[in-house]
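# Architecture and fold: a report
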Amino acid sequence: MISPLIHSCFSPVCYPLTSAAFLLTAPSTVFHFQSQLCRRVRSLAAMAAAGANSNDAASPLDHVVGYWYSVPELRLRDHYFTVPLNYSLDSTTSPKISVFAREVVAAGKEDEQLPYLLYLQGGPGFESPRPSESSGWICKACEGHRVVLLDQRGTGLSTPLTASSMLQIKSAEDLAEYLKHFRADSIVKDAEFIRVRMVPEAGKWTVLGQSYGGFCAVTYLSFAPQGLKQVLLTGGIPPIGNGCTADMVYQECFGQIVRQNEKYYERFPQDVRSVTEIVNHLASHEEGGVRLPSGGILTPRGLQTIGLSGLGSSTGFERLHYMLERAWDPVIGSQTEKQLSYYFLNAFESWSAFDTNPLYAILHESIYCQGAASRWSAHRMRAEHEHIFDAIKAAKEGRPVFFTGEMIFPWMFDEIPALMPLKTAANILAETEDWPSIYDVATLKKNKVPVAAAVYYEDMYVNFKLVQESASQIAGIRLWITNEYMHSGLRDGGSRVFDHLMGMLNGKKPLF
């Protein structure tokens, strides 16, 4: 720990450069001894950054702390931790990575003794929120907590695995082996590594898990409940059966996806024709689609994937409709054939995050696997529903073209440029069978940690039926079942959702 030393330097800023590197600058007016101190901090921080890429687990510089800085009504501070890539190896032999967490408190409460709350973001493969002001659930949580926003390993500032950084690993086999260490089991071990260094006296903390973050929280309950004071889940109760539960997930989810499509076209009936015209246009091209701004190709099956964002969150229907209404360029010159607009093609690519967050695609089905392979489950399950989801056939027959949901298909690694170099590694992971356990049902049945969960009745991503089955295996869990929110409830009604769940655990909403 070097936080006391860093806090003694009066330089007002601490800039993270790479995974664990800092550049500390002091104003020219500081005293000579402060300048000497800051130079020492620079040296220590550089050593910590080097340690993130070494095997020297004995280094005391496994936690580097930055300075307090401000956004409106909040104070924030950055923490970098040097952790093992592979916790199953001896700490002296495992390669190291850097994990980043941002501490957030209400302005003026920096020195107060507040309970800690760890936030686990949805995904997989997405970084924590970047607060620009005090609002939503963060505002409510900071009324009584010190919030820790964790960039899960491989995301954000935690040795980020991007489309470019993963190219440094030349062998697809080596990359697949590396990626095996970026699931919930390792994320929970990172969280425990951080807790004992960050929480005074290694005390317990509250965990708030959104979507996949909730999956990670249930892993936490399974293997490290001793670190937990209480757990809040929002749209994030996973299927916890043995083997690979992906087939079961997609079988159940296809029904909800059909209902969401039906509701969408009921809201915007004019889009039946709009989508049909786009599909026919794409299918008429020799390549089976048109080129996207990135150089990728938009095919009819690729078009269907915008249901991932458009069908399952609040305002998704509206955003999808407004994107579709600008699909075509006007004919203003000698051009006589209709062509899809740059606006539409760019909006399509921007709506997905495969170029900026490729971990979501390459690790997605593995989050359901324990001792069994997924073997491209969504692709196999879709084949059983192809009579419903064949876009070209639906357009020819005059039926509405249905969008798909939260599913990753192997052909995406042929059509999306950022994913193309990852194709072989993705195929290796899809056939991997020796995935370690990420849930322990026996432990969950004996759970003593207070747990409250927001369950969204019409959730397209986390199926309600499967949630009920899993919840029945977690002792003491309290469910708030609502159709007032979609899967994005924590974002849309964050203050109310957070307050409601906390009330379920602190006695404001007693059992009945």
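Here the structure is shown first, and the text comes after it.
Residues numbered from 1 in each chain as written. Predicted model: local features only at pLDDT ≥ 70, side-chain atom pairs only at ≥ 80, totals over all residues. Heavy atoms only, no water.

## A few points about unusual backbone geometry
Cut-off, in case you're wondering: Only runs of H or I of at least four residues qualify as helices and only runs of E of at least two qualify as strands under DSSP, and these elements are numbered from the N terminus. Buried, partly exposed and exposed residues are distinguished by accessible area as a fraction of the type maximum, computed with a 1.4 Å probe on protein chains only: under 20%, between the cut-offs, and over 50%, respectively.
Residue P124 is bonded to the preceding G123 through a cis peptide linkage, with omega at 5 degrees. Inspection of the secondary structure assignment puts P124 in the loop between β7 (116-120) and α3 (136-141). A positive phi angle is found at E73, which is not glycine, with a value near 70 degrees. Following the sequence through the fold, E73 ends up in the loop between β4 (69-71) and β5 (74-84). By relative accessible area, E73 is classed as exposed at 59%. Phi is positive for W376, which is not a glycine, with a value near 50 degrees. Among the secondary structure elements, W376 is positioned in the loop between β14 (369-370) and α14 (377-383).

## Some words on the pairing of strand β9 (residues 205-210)
As a reminder, the rule being used: DSSP calls a pair of strands paired once it identifies at least 2 bridges connecting them.
Among the 6 residues of β9, 6 are classified as buried, and the element is accordingly described as predominantly covered. Of the two faces of β9, the one holding W205, V207 and G209 and the one holding T206, L208 and Q210 are both buried throughout. Pairing of β7 with β9 involves 4 bridges; the strand directions are parallel. Bridging across to β9, L118 finds its partner in V207. As defined by bridge partners, β9 adjoins strand β10 (residues 228-234) across 6 bridges and the pair is classed as parallel. Its bridge partner being in β10, W205 is matched across the sheet by L228.

## Brief notes about the side chain of S488
Take S488: it is sitting in the loop between β16 (477-482) and α21 (489-492). For S488, a relative accessible area of 8% gives the class buried.

## Focus on the pattern of salt bridges
The criterion, for reference: A carboxyl oxygen of Asp or Glu within 4 Å of a side-chain nitrogen of Lys or Arg is what we treat as a salt bridge.
For the coordinates displayed, the defined rule picks out 26 salt bridges. With a closest N to O distance of 2.7 Å, E192 and R195 form a salt bridge. With E192 and R195 both in helix α5 (residues 184-198), this residue pair falls 3 residues apart, about one helical turn. With a relative accessible area of 6%, R195 lands in the buried category. A salt bridge links E287 to R291; its shortest N-O distance comes to 2.5 Å. Among the residues examined, E287 registers a relative accessible area of 48% and is labelled partly exposed. Ionic contacts of the salt-bridge type, sharing partners, join the residues R77, E103 and R146 into one network.

## Looking at the nonpolar core
Defined as follows: Buried Ala, Val, Leu, Ile, Met, Phe, Trp, Tyr and Cys residues that are joined via side-chain atoms within 4.5 Å together make up what is termed a nonpolar core. Here a residue-residue contact requires only that any non-hydrogen atoms of the pair lie within 4.5 Å.
If you look at the biggest cluster of nonpolar residues, it comprises 121 residues, and the most contacted ones within it are W205 and F344. Sort the elements by how many residues they give to this core and helix α7 (residues 246-267) lands first, with 9 residues. Among all residues touching W205, those that are not within four sequence positions of it are Y116, L118, V148, A191, I194, R195, V199, Y220, G227, L228, K229 and Q230. V104, W480, Y485 and V497 belong to the second-largest nonpolar core, a separate cluster that totals 26 residues.

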